[in-house]
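Structural overview
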Amino acid sequence: MGSDSETEKSQDRKKMLSLAPIAKPLAGKKLCKRTLKLVRRASEAKCLKRGVKEVVKSIRRGNKGLCVIAGNISPIDVITHVPILCEEADIPYVYVPSKEDLATAGATKRPTCCVLVLTKPTKGELGQEDQEKLKADYEQVVQDVSELTSSLF
């Protein structure tokens, strides 16, 4: 019987092996954790679009935010157009290793290919305190993603 850390390492290894070759920029452990925390907060505040169809529709309508894409999607053709749309609309995007973790953070049971974290809720208004927390997390993650992207290209 292996210890918990060994099983955790083997799960991380499996996630890395199932990654798509186009999954760049891929978030590291720290950025991944911070990004999924932002997705969870955005989900609670109703500032989240889930799934390829909703994300593409929001981007085409001109909504701004941060696009988080799962790196272990099969077949990869499902999401290959999303980074291109994000670049054309000047929206930062980042890959996370697991679609299951992305779904858990987005408060759904079904694995999710991609989510778009919006800066404002689609309906209604947020409280001032919630808005400030979400904005601070959003700014921090976007800054880290832009640093990651600039070092990559």
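As recorded in an unreviewed UniProt entry, the chain goes by H/ACA ribonucleoprotein complex subunit 2 and comes from Nelumbo nucifera. Turning to the chain, the UniProt annotation filed under Sequence similarities (unreviewed entry) states: "Belongs to the eukaryotic ribosomal protein eL8 family." Database annotation for the chain, UniProt heading Subcellular location (unreviewed entry): "Nucleus, Nucleolus".

**Thoughts on the sheet that holds strand β4 (residues 114-118)**
In space, the 4 strands of this open sheet follow the order β1-β4-β2-β3, with mixed pairing throughout. Single-partner strands in this sheet number two, and they are β1 (48-50) and β3 (93-96). Pairs of neighbouring strands in the sheet enclose a mean axial angle of 20°, with direction left out of account. Alignment of strand β2 (residues 65-70) against β3, held across 4 bridges, turns out to be parallel. Bridging from a neighbouring strand, Ala70 pairs with Val96 of β3. Sitting on the sheet, helix α3 (residues 52-61) touches β1, β2 and β4, and the angle it makes with β4 is about 40°. The sheet contacts of helix α6 (residues 128-152) involve β2, β3 and β4, and relative to β2 the element is tilted by about 65°.

**Things to note about the environment of Ala107**
Position of Ala107 among the secondary structure elements: in the loop between α5 (99-105) and β4. Filtering out sequence-adjacent residues up to four positions away, Ala107 remains in contact with Ser43 and Arg50.

**A few points about the pairing of β4**
A large share of β4 lies buried, amounting to 5 of its 5 residues. Alternating positions in β4 separate into two faces, Cys114, Leu116 and Leu118 on one and Val115 and Val117 on the other, with burial throughout. Sheet topology places β1 next to β4; 3 bridges connect them, and they run antiparallel. The residue bridging Leu48 from the neighbouring strand is Val117, located in β4.

**A few points about the pairing of β3**
Neither face of β3 is open: one carries Tyr93 and Tyr95, the other Val94 and Val96, and all of them are buried. Viewed along the sheet, the connection from β2 through helix α4 (residues 82-88) into β3 turns out right-handed.

Calculation rules
Residues numbered from 1 in each chain as written. Predicted model: local features only at pLDDT ≥ 70, side-chain atom pairs only at ≥ 80, totals over all residues. Heavy atoms only, no water. UniProt positions renumbered as here; feature names shortened; annotations may be inferred. Pairing = 2+ DSSP bridges. Helix = DSSP H or I, 4+ residues; strand = E, 2+ residues; numbered from the N terminus. Axes fitted to C-alpha atoms, helices over the stretch in contact; angles between N-to-C directions. Contact = heavy atoms within 4.5 Å. Buried < 20%, exposed > 50% of the residue type's maximum accessible area, 1.4 Å probe, protein only. Right-handed = clockwise from strand over helix to strand, strands pointing away.

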